Amino acid sequence: MKNSDRILDRIFALARRSSLGETPDVPFGLETAVLAHWKRAKLRAENSGLLPAMRWAALAACATALLVSALRSDELAAFRNRFDPETRVAESALVAGYGND
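Everything numeric in this text was worked out from a predicted model, so none of it was measured.

What about the overall build of the chain?
In step 1: Helices and strands together make up the secondary structure of the chain, namely 5 helices and 0 strands.
In step 2: Across the 101 residues of the chain, 1% fall into the buried class.
In step 3: For the chain, the accessible area works out to roughly 9800 Å², and carbon and sulfur atoms hold 65% of it.

Some thoughts on a nonpolar patch on the surface
In step 1: Taken together, the side chains of I7, L8, I11 and F12 define a hydrophobic patch exposed on the protein surface, amounting to about 370 Å² of accessible area.
In step 2: For I7, the location among the structural elements is in helix α1 (residues 3-17).

Observations concerning the confidence of the model for the chain
In step 1: Here the chain averages 80 in pLDDT, while 85% of its residues score no lower than 70.
In step 2: Summarising per-element confidence for the chain, the mean pLDDT is lowest in helix α4 (residues 73-80) (74) and highest in helix α3 (residues 51-71) (90).

Calculation criteria
- Throughout, residues of each chain are indexed from 1 in the direction in which the sequence is written.
- Local features in a predicted model are, by the rule used here, given only for residues with pLDDT of at least 70; side-chain atom pairs are given and counted only at 80 or more, and totals for whole chains, interfaces and linings are based on all residues.
- Side-chain measures here rest on the full set of heavy atoms in the structure, leaving out hydrogens and waters.
- A run of H or I in DSSP counts as a helix once it spans at least four residues, and a run of E counts as a strand once it spans at least two, with each numbered from the N terminus.
- The classification of residues rests on relative accessible area computed with a 1.4 Å probe and restricted to protein chains. Under 20% of the type maximum is buried, over 50% is exposed, and intermediate values are partly exposed.
- Method for areas: the Shrake-Rupley scheme with a 1.4 Å probe, in which residue coverage is limited to the protein chains shown.
- Residues form patches when they are more than 30% accessible in relative terms and have no salt bridge. Like charges link within 9 Å. Nonpolar side chains (Val, Leu, Ile, Met, Phe, Trp, Tyr) link within 5 Å.
- Basic side-chain nitrogens of Lys or Arg form a salt bridge, by our definition, when they fall within 4 Å of a carboxyl oxygen of Asp or Glu.
- Confidence of the predictor at the level of single residues is captured by pLDDT, which takes values from 0 to 100.

What follows is the structure, encoded as structure tokens:
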């Protein structure tokens, strides 16, 4: 028998031995207070740390990349239309490397 099965059997045996008395009612307002605390803690956790700053940094990086690619599209087009022998050899090597997957 696995160790986890023995532990689980022991837990079930202890649960069967315990008395099934009535559970006391929760004091008035405790549930509301706990839920409000969880909500505040969740908001604090979401708005803390580097996450908001990283979001803005990622948006700024994407915007910069789009702006540069729009401004330098003529230079990028020159790379797309290269048909010299060096480019064809490099391209065939890349295609051969990816073809082995």
